[in-house]
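# Commentary on secondary and tertiary structure
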Amino acid sequence: MKHDTSLDLKKTFRSSAPGYWADRDVSEEQWNDHVWQLKNRINSLSQLEEHLILSEEERSGVILSGNKLAMSITPHFFNLIDREDPNCPIRRQVIPRIEETWKADYELADPCGEDSHMPVPGLVHRYPDRVLFLVTTQCASYCRYCTRSRVVSGAGEQSLSTDYEAAFRYLEEHTEVRDVLLSGGDPLLFSDKKLEKILERLHAIEHIEFIRIGSRVPLFLPQRITPELCEMLQKYHPLFISVHANHPRELTTEVKAGLERLANTGIPLGNQSVLLKGVNDDVETMKSLVHKLLMCRVRPYYLYQLDLIKGSAHLQAAVAKGLEIIEGLRGHTTGYAVPQYVIDAPGGGGKVPVNPEYILQRNDERVMVRNYEGNQYEYPEPAVSPELILDY
Ligand SMILES: *Cc1c(COP(=O)(O)O)cnc(C)c1O
């Protein structure tokens with residue numbers, strides 16, 4: 001498959017089918033069936049080599065991935081890979097490389113310090129009023145830079161056995177928790193019935209005002225967003241979903257249709273991108289991505305600086321790049337299209353916003369700011385106290 005990379009920036013929505021499966025006698029019905037997609041995932045070296053010529057770095061990476069983070073790629077997502085481009089931004093996200101076994105001094109197995117904030121297995125309670133509930137370790141495909149590769153896919157160095165009953169009890173007792181974020185792994189890989197059991201239980205807790213799901217299924221496996229799933233989800237409002245797209249090519253016609261079904265269900269959609277070297281670390285790619293997201297009714301939410309996960313240095317972009325991207329978006333395009341750039345502080349400090357500097361000078365009397373074009377403006381602060389003025 002040859003992708004015209006200039007088309008990525010033109011905001012065209014293309015279908016993922018049939019691509020590499022063109023000569024394989026796959027019916028449209030099968031292609032659009034998420035169970036078929038899951039069964040036909042690429043998860044071995046031989047399957048991969050049927051379609052792609054691998055570099056030595058990739059070949060060794062695939063062989064070693066079985067002891068680290070499994071490889072798995074849905075046919076839908078695999079079809080977005082450009083066979084002719086060794087630096088394909090889709091390929092870099094899902095095909096293992098030998099560099100994953102290299103480790104820098106500052107890299108960690110648990111870069112965000114989640115394990116030390118788990119009151120019960122599977123529940124991360126770091127912020128005062130909200131929790132992260134890790135409901136599964138399985139995903140439709142595995143991102144090579146996964147922040148939870150220590151537990152996700154089952155191939156890593158740790159295991160996670162979420163204790164659902166203990167988690168529900170904790171949440172019932174902790175009345176300060178008003179927001180529960182389901183993640184993992186990917187909660188949308190559960191059957192409708194299994195996911196509903198969790199949502200039902202959370203929805204019944206009076207102090208939980210708000211539920212959200214973090215999922216890459218809408219991008220990896222858009223066929224999973226069935227009308228039946230949407231019908232079930234709409235019983236649990238207010239429900240938000242955060243998806244995870246990194247490159248404009250990921251937004252295909254199938255993905256757009258799935259996201260529209262979720263939006264029509266009344267679910268507000270946000271996107272969380274990870275800044276990745278060679279994938280989306282330039283303003284033009286990111287601009288195309290955020291514009292396509294808005295066209296799919298998804299509001300860009302966060303742009304993450306890459307967590308310092310073991311073996312991710314080859315995908316790490318400089319913070320200066322992230323700042324340059326935000327600077328290239330703010331003011332130049334729709335405010336809704338600009339995500340908040342954050343660093344999840346190593347060691348468990350949580351998400352910290354990082355912003356280009358727009359305040360040039362500030363004292364009690366005035367603030368000197370610059371706008372997106374670099375022009376400077378002065379804004380006077382309110383007088384210290386009205387009485388003070390009268391006294392003069
Ligand atoms: C990201 C995260 C949340 C949610 O943070 P928001 O800024 O509210 O989206 C909650 N808990 C943990 C542990 C997180 O990492």
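Refer to the structure printed above.
Notes on the structure follow. What you see is a predicted model, and the numbers here were worked out from it, not measured in a lab.

### Here's the deal with the overall build of the chain
Along the chain, the regular secondary structure elements total 15 helices and 12 strands. Against the compact-globule benchmark of 21 Å for 392 residues, the chain has a radius of gyration of 22 Å, which places it among compact chains. Seen through its C-alpha atoms, the chain measures out along the principal axes to roughly 85 × 50 × 45 Å. Here the chain, with 392 residues, has 54% of them falling under the buried criterion. Considering only intrachain contacts with a sequence separation of at least 6, the fraction spanning at least 24 residues in the chain is 75%.

### A word on helix α12 (residues 253-264)
With 12 residues, α12 ought to run about 16 Å at 1.5 Å a step, and its terminal C-alpha atoms sit 16 Å apart, in line with that. Taken together, the buried positions of α12 are Glu254, Val255, Gly258, Leu259, Leu262 and Ala263. Gly266 lies just past α12 and shows a positive phi near 90°.

### With respect to the sheet that holds strand β11 (residues 366-370)
Ordered by their spatial adjacency, three strands build an open sheet running β10-β11-β12, and the pairing between neighbours is antiparallel. Each edge of the open sheet is held by one strand with a lone partner, namely β10 (359-362) and β12 (376-380). When strand polarity is set aside, the average angle formed by the axes of neighbouring strands in this sheet is 20°. Pairing of β10 with β11 involves three bridges; the strand directions are antiparallel. Bridged to Arg362 within β11 is Val367.

### Remarks on the pattern of salt bridges
Counted according to the given criterion, the structure contains 27 salt bridges. Note that Asp8 and Arg14 form a salt bridge whose closest N and O atoms lie 3.4 Å from each other. The class of Asp8 is buried, set by a relative accessible area of 5%. Exposure remark for Arg14: the relative accessible area of 28% places this residue in the partly exposed category. A salt bridge links Arg150 to Asp115; the nearest nitrogen and oxygen atoms lie 3.1 Å apart. With Arg150 in the loop between β2 (130-134) and α8 (164-173) and Asp115 in the loop between α7 (91-94) and β1 (123-124), this pair connects stretches of sequence that are 35 residues apart. Residue class for Arg150 comes out buried when judged on its relative accessible area of 3%. Members of the salt-bridge network, linked through shared partners, are Asp110, Glu114, Asp115, Arg148 and Arg150.

### Looking at unusual backbone geometry
Following Gly184, the chain continues into Gly185 via a peptide bond in cis, with omega recorded as 15°. Of note, Gly185 is situated in the loop between β3 (179-183) and α9 (192-203). Along the chain, His237 connects to Pro238 via a cis peptide bond; the corresponding omega equals 0°. Following the sequence through the fold, Pro238 ends up in the loop between α11 (227-233) and β5 (239-243). The phi torsion at Asp25 lies on the positive side, around 60°, for a residue other than glycine. Its location among the elements puts Asp25 in the loop between α1 (5-9) and α2 (28-31). For Asp25, a relative accessible area of 75% corresponds to the exposed category. Of note in this structure, Arg297 is not a glycine but carries a positive phi near 70°. One can find Arg297 in the loop between α13 (283-295) and β7 (298-304). Residue classification places Arg297 among the partly exposed positions, given a relative accessible area of 42%.

### Overview of helix α14 (residues 319-329)
Listed in full, the buried residues belonging to α14 are Gly322, Ile325, Ile326, Gly328 and Leu329. Relative to the axis of α14, the buried residues are bounded by an arc of 160° and lie together on one face. If you follow the buried residues of α14, they end up packed against α13, β7 and β8 (340-345).

### Quick look at the site of the ligand
Every residue near the ligand is listed here: Val124, Arg126, Tyr127, Arg130, Leu132, Leu181, Arg212, Tyr301, Tyr302 and Lys351. In this structure, an oxygen atom belonging to the ligand sits 2.8 Å away from a side-chain N or O atom of Arg212. Within the complex, the protein chains bury 90% of what would otherwise be the 390 Å² of accessible surface of the ligand. Mapped by element, the contributors of at least two residues to the shell around the ligand are β2 and β7. Looking at the shell around the ligand, its residues break down into six nonpolar, no polar and four charged.

### Here we look at the environment of Arg212
Within the element layout of this structure, Arg212 appears in strand β4 (residues 210-214). Residue classification places Arg212 among the buried positions, given a relative accessible area of 13%. Sequence spacing of Arg212 and Ser242 is 30 residues, and the spatial spacing of their C-alpha atoms is 7.4 Å.

### Quick notes on the side chain of Thr285
Within the secondary structure layout, Thr285 lies in helix α13. Residue classification places Thr285 among the buried residues on the basis of a relative accessible area of 9%. Separated by 2.9 Å, the side chains of Thr285 and Asp282 make a polar contact. Apart from residues lying up to four places away in sequence, Thr285 is in contact with Leu9, His247, Pro248, Val279 and Asn280.

Conventions adopted
- Residues numbered from 1 in each chain as written.
- Predicted model: local features only at pLDDT ≥ 70, side-chain atom pairs only at ≥ 80, totals over all residues.
- Heavy atoms only, no water.
- Helix = DSSP H or I, 4+ residues; strand = E, 2+ residues; numbered from the N terminus.
- Rg over C-alpha atoms; globule rule 2.2 N^0.38 Å.
- Buried < 20%, exposed > 50% of the residue type's maximum accessible area, 1.4 Å probe, protein only.
- Contact = heavy atoms within 4.5 Å.
- Expected span 1.5 Å × (residues − 1).
- Pairing = 2+ DSSP bridges.
- Axes fitted to C-alpha atoms, helices over the stretch in contact; angles between N-to-C directions.
- Salt bridge = Lys/Arg side-chain N within 4 Å of Asp/Glu carboxyl O.
- Arc of directions from axis to C-beta.
- Near = heavy atom within 4 Å.
- Polar contact = N/O pair within 3.5 Å; in protein donor to acceptor, adjacent residues only side chain to side chain.
- Areas by Shrake-Rupley, 256 points an atom, 1.4 Å probe, with all protein chains shown as cover.
- Nonpolar A, V, L, I, M, F, W, Y, C, P; charged D, E, K, R; others polar.

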